[in-house]
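Descriptive analysis of the structure
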Number of protein chains: 2
Amino acid sequence: MAEVQTFGHAQTNGHVKSTAYGENVANGVIKATKIATAPGAESKEDVQLVLKTFRLMVGDLCQQFNMGHPGSAMGMAALGVALWKYTMRYAPHTPNWFNRDRFVLSNGHACLFQYLNLYFSGYKSMTWEQLLSYHSERPDSLCPGHPEIEHDGVELTTGPLGQGIANAVGLAIATKHLAATYNKPGYDVVSNHTWCIIGDACLQEGVGCEAISYAGHLQLNNLTVLYDNNQISCDGSVDLTNTENINSKVRACGWEVIDVMDGVNDVEGIVAAMSKARDPNRTKPLFVNIRSIIGVGSAVAGQAQSHGAPLGVDNVATMKRAYGFDENEKFVVPEQVRKFYSDIPARGEQLVQEWHDLVAKYKQEYPELGEEFQGRVEGRLPSDWTKHIPSSFPAQDTPTRKSNNLVMKDILEQIKTFMVGTADLTPSVNLTYKDYEVFNPPTLKPTSGKVGSYAGRYIHYGIREHVMAAIANGLAAFNPQTIIPITSTFFMFYLYAAPAVRMGALQHLQVIHVATHDSIGAGEDGPTHQPVELAALYRAMPNMHYIRPADSEEVAGAWEAAVNYKTGPTMISVSRHALPQLGITKRSGVSKGAYVIKEEEKADVTLISVGAELHFAVKLAEDLAKADPPVKARVVSFPSFVLFKEQSKEYQRSVLRRHEGIPAVAIEPYVSLGWERFADAGLHMSSYGHSLPGKYIYNYFGFSIENMALKIRSFVSDFKSGVVGRGEYVELLQKPAGHS
Amino acid sequence: MAEVQTFGHAQTNGHVKSTAYGENVANGVIKATKIATAPGAESKEDVQLVLKTFRLMVGDLCQQFNMGHPGSAMGMAALGVALWKYTMRYAPHTPNWFNRDRFVLSNGHACLFQYLNLYFSGYKSMTWEQLLSYHSERPDSLCPGHPEIEHDGVELTTGPLGQGIANAVGLAIATKHLAATYNKPGYDVVSNHTWCIIGDACLQEGVGCEAISYAGHLQLNNLTVLYDNNQISCDGSVDLTNTENINSKVRACGWEVIDVMDGVNDVEGIVAAMSKARDPNRTKPLFVNIRSIIGVGSAVAGQAQSHGAPLGVDNVATMKRAYGFDENEKFVVPEQVRKFYSDIPARGEQLVQEWHDLVAKYKQEYPELGEEFQGRVEGRLPSDWTKHIPSSFPAQDTPTRKSNNLVMKDILEQIKTFMVGTADLTPSVNLTYKDYEVFNPPTLKPTSGKVGSYAGRYIHYGIREHVMAAIANGLAAFNPQTIIPITSTFFMFYLYAAPAVRMGALQHLQVIHVATHDSIGAGEDGPTHQPVELAALYRAMPNMHYIRPADSEEVAGAWEAAVNYKTGPTMISVSRHALPQLGITKRSGVSKGAYVIKEEEKADVTLISVGAELHFAVKLAEDLAKADPPVKARVVSFPSFVLFKEQSKEYQRSVLRRHEGIPAVAIEPYVSLGWERFADAGLHMSSYGHSLPGKYIYNYFGFSIENMALKIRSFVSDFKSGVVGRGEYVELLQKPAGHS
């Protein structure tokens, strides 16, 4: 690929006909509007003044509270001008315009770069006062240490490295999918481009590598990654730890690669490279390798010291002198610079208006599809969507992973809002539906399996759990509830995905994660595949609704709760093995987190259980009633800690009745952590699992009905006799002798 | 690179002089022993019979209990013969021989492949009866669903995909490092090779991508990855989800790549490719891309159906007929096949004897180094290692991340057992020491930073947390306590590393993880970098010792506990910000998990706190004593849940005194999950954090001394008046209004 070192006309490589920068060459419909004046309309001096102003603002902002990350933001100044002034289609005064270009700063620590660009391009909420709140004590600052999704002009919260590029892949998939579903000849109602800046770190992180690999496979030609190649990380030069040929590697993954050799000052060169992005004939995502210099212009240019600490007063003063600024003044924005950016809001509003006009005509031409499209834009589900869920289920023993399909197959088939994905476990997770279409490039003819299209809603993510969850965040962040992404894998492998699941929760994104093989009962795959501690993480994670349903009826309740929960992710945790249909469970109980399934007025004990093991509690209550002396046990189904905690104290007491002095015993073959809140004793795991077929493993760890009954009777007796100290949670099982 | 399709002499590419397969061309010293007869010494018919027998055994073993993963194991039969018969240096009767070649099955679900090879090559523990225990109800089976480290011939537990190749990188680093440290001309006392088989999945998983990238950077020419390229995963053909050019990608990462086109039957071709592995002139790791056919020989050959389910009785019977076996017989191993493998144990013992002779001479020639080497082989630390830890520390406020350095810098400098690594946070984690040398190829001249060597003990892992932890597992698994690896990054990014941290815990590997920025007090980086729920995972993880020390004195205790804990990982969780040296903490208290730092005979309340916030509890106790009416508070420092749970009930009661009716309040700005076991109420987070400088964030979430004192007084009053129900944990803080 030719290096774009000079300026004056766009690199063509045979594709791009127009030489006007920023002109829309990809989508015929709104090409009349140039999104920007070409560089060159402004003088080179103007551009250089903008770059200097930008870098000095970064320096001053970090100096103000003697904190922050100046280096990358300074190094990327030219990239900012190329994007916000000359390339992106967006509307600062209508920041949530549906068809806006999306921008993701994957190297989120360089957030000042984004804040300054938002300020200069005219986002109303990013006032001067707000801009100066970076690292201040203001809790309402719009300039947190990493960009956050709540704020105008920020598509997703970034910071944990490598995830931003994966989110961007999700945004680009959303566009591809919506375009394939709704666009008609002459009506590209969805046509935006996704731009993502990454640093060296995003190329080292595994999730970033997964994203590169998968985006190349998908041929996402509506995605451009801009690599801020400054070759510096915290520990020093990148070649201390990474010496791969990144261009070759990215090309091998199916990307088109362009080099920009002077990313520091050559705005025109960057724009020229970017102008290839919208080429409709390109069948690959675009990777622009932009050489830059961290902390450029300062005394620590090119050095790791400029990464995560302010430059120092003297250093900034020296820069100001060199740039012809007054070293005694801070936060100086010359009028020329303001003028440079002044046309952007109006330009944006024009884009918005043209899009609205287009959509209006589209609705006239295609009334039914137009109505559906409008519903997607507004994030509406059919109000009667639950009608597709069966009111009852077959009585035979069923794995709850199969119950998922009983509950959701009609909904998944009929409501386009849902995009189902799996990390290569289609046969295990049972989330396919009638005539499902795979999301894949239509030109791809796989050796086996279905030929897909971009209109497909079933996503084969490959064996890439982490990027699956991060892409799902991007799908959900495209626009609220336009797409509700579903991911799926073994529960244990949601540990691989956990950093992205967390980011979804932190951002209040509605993503539904379906986790199968969620108990030691999964059996012979052994301890690597048997969760014992992972639920503790998801039960602790703010905004996450972790739900373990016990049978098909509770699976229905779990899905209702998940679809209704619009402000965060849900994880539905299901069994590999067949479970009895208990007949006494209630889908309406799930949304309360816990509920009584068997009441006993004068109870000796409350048995609490959940998910794949709830049926143990039911059987135990029967057996204990017949013991000599009989033990009267009530039974509580407890599918979700978080949903139960949200209930009133009155409800909680009515379920647990511990305030009446009735002891509670929790039964769950996970470690006990967290159960101490709801119970006095428990039957739990205290070690990893073991490779044994499902029917043997429960017995091996002491979860036979006989043994559990014995332990419970003994505990109830101890409790009555006062042997159990206040607040001393009793673990009723020991790990097997010899088990480590 | 030439494709190795023919057989008869080793591919040379200019390097390999000998044409005898398996002859040691890399290390001069023990080259006299051919490790194997060349293929060809046996007839082609013999080899084919071995392959058929192997595949039918796989079929029968999966059929026996109608479970298991047959396909990959069958497809790799030839690869097994090439490795165990013709290539690897190992000793079945001395399975833990220090200098043995290491073998890792990264696609661990294909475990039958390994078990059969262990059986055929003569591992004593792998009896016929044991071999037939795959997926049986035997809890003492040596044939679990994935290979497990406890068993002879298995180096590491694998199964979670992508991690095995990362473990293998750790094993290869261990060899490189020990060789560079101890080998002398004529005395290659450490010279083993590491072999790792991967499937398609390991190349898709992020951690596998990180491993490929980093191993190439390190130029690990003692590592060979054998890619079982069958292009099938659970969902169907791999090209449904991955279409990258893997050879180009791996080459771009700095590997040498060889293709083998017939991996199903061409044992000779595979051996020819592998013979390049020990070429001492090669400066790259070797990647052998071996085309194979999943489930080969069966009716579902080349299909996903053969991956994770038995082939079916009829299918196996058909195979037997086609192979000339009696379809009515099961588990047939012809005498020729046994004879084929019969020379291996004796050959292995000869290798072991030669190595012992070599080491004996080495000790004579280099008595001091020889003694040190012997200590490393035996995993000994100097008995007086703790003498290097200062008996007291400077009184000024110190971030506990800096206390790490005060405690460990002399030990790290002087005791070679420790290898310290960081995921690009050297300036943050403070684990460098005087004249530390970087582990890097000596030929690498980085743009900035130190030129390293393979004798270096400081590892720049790059921004690759997951592979860091997985490599550390490999370092620890090389041989018990020969290397004690230390990893380091921000606490929050141990969520990226969590799958590998878990695998270290599951395998009882001594790895020490140093997690800094472990509280909301880390400040302005914001919620993406502020842990609130992550401790719940590590507190729940079996075998993991998660420790949050409060000041330098407790940091000393945490390191003592970590170094003394030989059978699992420890995570030492430290603060970014400066903390007071409390003067009342005790390093000896840390190993007990919790201990009283301020006693009060007639106490109204016990304040429990930990780590970065323990000083709050101390201050609160002082202030509450002066309140009107005064509240008498005792204070417990609680650095580790797991260590406290291991104490006697008497000790636990003496620390908590809840059985005396004294209520306990926990103070930790994490979510409450788990604290319910030890306390009646708590001051905790119930949301993610916020981007605010450290000194403001505690107040923002209600952790000002004034507010906490108010809440505690109110709770003590409620508790006394009986308002608090039995077992009802009281959350004393609400999240700030408007905070989501």
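Our next topic: the relation of the copies chain A and chain B. If you rotate chain A by 180 degrees and push it 0.0 Å along the axis, it lands on chain B with an RMSD of 0.0 Å. The superposition of one copy onto the other is thereby described by a two-fold rotation axis. Using C-alpha coordinates, one finds that chain A approaches the rotation axis most closely at Gly 206 of chain A, a distance of 1.8 Å. Of all interface residues in chain A, 100% are interface residues in chain B too; the two copies therefore contact each other through one and the same surface.

Residue and element names in this part refer to chain B. Spatial ordering of the open sheet is given by 16-18-17-19-20-21, a layout of six strands whose pairing is mixed. Strands at the two margins of the open sheet, each flanked by one partner only, are strand 16 (595-598) and strand 21 (730-731). Here two bridges tie strand 20 (residues 681-683) to strand 21, and the two strands are oriented parallel to one another. Bridge pairing in strand 21 links Gly 682 to Glu 731.

Taken as a whole and judged by the stated rule, the model has 83 aromatic pairs over all chains. Plain terms: the ring middles of Trp 97 of chain B and Trp 355 of chain B are 6.5 Å apart, the flat faces sit at 75 degrees to each other, and that makes the pair edge-to-face. Residue Trp 97 of chain B is found in the loop between helix 3 (77-85) and strand 1 (102-105), and its partner Trp 355 of chain B is found in helix 13 (residues 344-365); the two are separated by 258 residues along the sequence. Take Trp 355 of chain B: its relative accessible area is 5%, and that puts it in the buried class. With a centroid separation of 6.3 Å and 75 degrees between ring planes, the pair formed by Trp 675 of chain B and Phe 678 of chain B is classed as edge-to-face. Judged by its relative accessible area of 0%, Trp 675 of chain B is buried. An aromatic cluster is present here, built from Trp 97, Phe 98, Tyr 182, Tyr 187, Trp 355, Tyr 362, Tyr 366, Phe 373 and Phe 478 of chain B joined pairwise through their rings. Of note, Lys 450 of chain A hangs over the ring of Tyr 436 of chain A, and the distance from its end group to the ring centre comes to 3.7 Å. One cation-aromatic arrangement involves Lys 85 of chain B over Phe 340 of chain B; the distance from NZ or CZ to the ring centre is 4.7 Å.

Now for the pattern of salt bridges. Residue and element names in this part refer to chain A. Under the defined criterion, the tally for this structure stands at 72 salt bridges over all chains. Between Glu 268 and Lys 44 there is a salt bridge, and its shortest N-O distance comes to 2.9 Å. Placement of Glu 268 in helix 10 (residues 267-274) and of Lys 44 in helix 1 (residues 44-64) is noted, with a sequence separation of 224 residues between them. On the accessibility criterion, Lys 44 (54% relative accessible area) is exposed. A single salt-bridge network, built from bridges that share partners, covers Asp 518, Arg 539, Arg 548, Glu 613 and Glu 668.

Moving on, we get to helix 11 (residues 313-322) of chain A. Residue and element names in this part refer to chain A. Of the residues making up helix 11, those classed as buried are Asn 315, Val 316, Ala 317, Met 319 and Lys 320. Tucked inside the fold, the buried residues of helix 11 contact helix 1 and helix 2 (71-75). Within two residues after helix 11, Gly 324 carries a phi angle of roughly 80 degrees, on the positive side.

Residues and elements named next belong to chain B. As for its position among the elements, Arg 457 is in the loop between helix 16 (426-429) and strand 10 (458-460). Buried charge without a salt bridge: Arg 457, with Glu 437 as the nearest opposite-charge side chain at an N-O distance of 7.6 Å. Within the structure, Arg 457 has its side chain in polar contact with the backbone oxygen of Leu 412 (distance 2.8 Å). Beyond its immediate chain neighbours, meaning those up to four positions away, Arg 457 contacts His 177, Leu 412, Glu 413, Ile 415, Lys 416, Phe 418, Met 419, Val 420, Tyr 433, Glu 437 and Phe 439.

The next thing to look at is the packing of helix 6 (residues 163-182) of chain A against helix 14 (residues 367-378) of chain A. All names here are of chain A. Packing of helix 6 against helix 14 brings their axes to within 11 Å, and their N-to-C directions diverge by 160 degrees. With respect to helix 14, the axis of helix 6 lies roughly antiparallel. In the packing of helix 6 onto helix 14, the handedness of the crossing is right-handed. Taken together, the residues of helix 14 that come into contact with helix 6 (itself represented by Leu 178, Thr 181 and Tyr 182) are Leu 369, Glu 372, Phe 373 and Arg 376. Looking at the contact of helix 6 with helix 14, its residues break down into four nonpolar, one polar and two charged.

At the interface, 124 residues of chain A touch 125 residues of chain B. Interface area, chain A with chain B, both sides summed: about 9800 Å², of which 55% is carbon and sulfur. Interface area lost by chain A to chain B is led by Arg 502, Tyr 688 and Arg 726 of chain A, which between them contribute 8%. Linking chain A to chain B there are ten salt bridges. Arg 653 of chain B is paired through a salt bridge with Glu 728 of chain A; the nearest N and O atoms lie 2.7 Å apart. The interface formed by chain A and chain B contains 84 residue pairs in polar contact (both at pLDDT 80 or more). The element contributing the most residues to the side of chain A that touches chain B is helix 8 (residues 206-218) of chain A, with seven residues. Grouping the amino acids of the side of chain A that touches chain B by side-chain chemistry returns 50 nonpolar, 44 polar and 30 charged.

Turning our attention to the sheet that holds strand 7 (residues 286-291) of chain A. The strands that make up a sheet pair up through hydrogen bonds in the backbone, lying either parallel or antiparallel. Residue and element names in this part refer to chain A. The strand order across the open sheet built from five strands is 1-2-3-7-6, with neighbouring strands paired in parallel fashion. With partners counted over all chains shown, the strands left at the sheet margins are strand 1 (102-105) and strand 6 (256-260), one partner each. Each adjacent strand pair in this sheet contributes to an overall mean axis angle of 15 degrees, direction not counted. Two elements, strand 3 (residues 223-229) and strand 7, share six bridges in a ladder whose sense is parallel. From the neighbouring strand, Tyr 227 faces strand 7, where its bridge partner is Asn 289. Contacts from helix 4 (residues 111-121) reach strand 1 and strand 2 (194-198), with the element oriented near 145 degrees to strand 1. In this fold helix 6 packs onto strand 1, strand 2 and strand 3, with an angle of close to 170 degrees to the strand it touches most, strand 2.

Remark: a regular strand shows side chains that alternate across the two faces of the sheet. All names here are of chain B. Because side chains alternate across strand 14 (residues 570-573), one face comprises the buried residues Thr 570 and Ile 572, and the other comprises Met 571 and Ser 573, equally buried. Here four bridges tie strand 12 (residues 512-516) to strand 14, and the two strands are oriented parallel to one another. Bridging from a neighbouring strand, Val 514 pairs with Ile 572 of strand 14. Crossover strand 13 (residues 545-547) to strand 14 through helix 20 (residues 552-564) is right-handed.

Residue and element names in this part refer to chain B. Turning to its location among the elements, Glu 668 is positioned in the loop between strand 19 (664-667) and strand 20. Classification of Glu 668 as buried rests on a relative accessible area of 0%. Residues Glu 668 and Ile 597, spaced 71 residues apart in sequence, show a C-alpha to C-alpha distance of 17 Å. In this view, Glu 668 contacts Arg 539, Arg 548, Val 610, Trp 675, Leu 683, His 684, Met 685 and Phe 703; residues no more than four positions away in its chain are not counted.

A few words now on the packing of helix 3 of chain B against helix 4 (residues 111-121) of chain B. Residues and elements named next belong to chain B. For the pair helix 3 and helix 4, interaxial distance at closest approach is 10 Å and the crossing angle is 40 degrees. It follows from the interaxial angle that helix 3 and helix 4 lie oblique. The way helix 3 lies across helix 4 gives a crossing that is right-handed. Side by side, helix 3 and helix 4 meet where Leu 79, Gly 80, Val 81 and Trp 84 of the first sit next to Phe 113, Gln 114, Asn 117, Leu 118 and Ser 121 of the second. Looking at the contact of helix 3 with helix 4, its residues break down into five nonpolar, four polar and no charged.

Note: disulfide means a covalent bond formed between the sulfur atoms of two cysteine side chains. Within this structure, the stated rule accounts for zero disulfides over all chains. A disulfide-free cysteine, Cys 202 of chain A has its sulfur positioned 6.9 Å from the sulfur of Cys 196 of chain A, the nearest such atom. There is no disulfide at Cys 253 of chain A, and the cysteine sulfur nearest it, in Cys 209 of chain B, is 7.7 Å away.

Residues and elements named next belong to chain B. Turning to its location among the elements, Arg 282 is positioned in the loop between helix 10 (267-274) and strand 7 (286-291). The exposure class of Arg 282 is buried, given its relative accessible area of 2%. Separated by 322 residues in the primary sequence, Arg 282 and Asp 604 place their C-alpha atoms 71 Å from one another. When neighbours within four sequence positions are excluded, Arg 282 is seen to be in contact with His 193, Asn 221, Glu 256, Lys 276 and Ala 277. Within polar-contact distance, the side chain of Arg 282 engages the backbone oxygen of Lys 276 at 3.3 Å.

Rules of the game
Residues numbered from 1 in each chain as written. Chains lettered and ligands numbered in written order. Predicted model: local features only at pLDDT ≥ 70, side-chain atom pairs only at ≥ 80, totals over all residues. Heavy atoms only, no water. Least-squares fit on C-alpha atoms with pLDDT ≥ 70 in both. Contact = heavy atoms within 4.5 Å. Pairing = 2+ DSSP bridges. Helix = DSSP H or I, 4+ residues; strand = E, 2+ residues; numbered from the N terminus. Phe/Tyr/Trp six-rings, centres within 6.5 Å; stacked < 30°, edge-to-face > 60°. Buried < 20%, exposed > 50% of the residue type's maximum accessible area, 1.4 Å probe, protein only. Lys NZ or Arg CZ within 6 Å of the ring centre and 35° of its normal. Salt bridge = Lys/Arg side-chain N within 4 Å of Asp/Glu carboxyl O. Lys, Arg positive; Asp, Glu negative; His and termini not counted. Polar contact = N/O pair within 3.5 Å; in protein donor to acceptor, adjacent residues only side chain to side chain. Axes fitted to C-alpha atoms, helices over the stretch in contact; angles between N-to-C directions. Parallel < 35°, antiparallel > 145°, perpendicular 65-115°, else oblique. Left-handed = near helix turned anticlockwise from the far one by under 90°. Nonpolar A, V, L, I, M, F, W, Y, C, P; charged D, E, K, R; others polar. Buried area = accessible area lost by both parts, 1.4 Å probe. Right-handed = clockwise from strand over helix to strand, strands pointing away. Disulfide = S-S within 2.5 Å.

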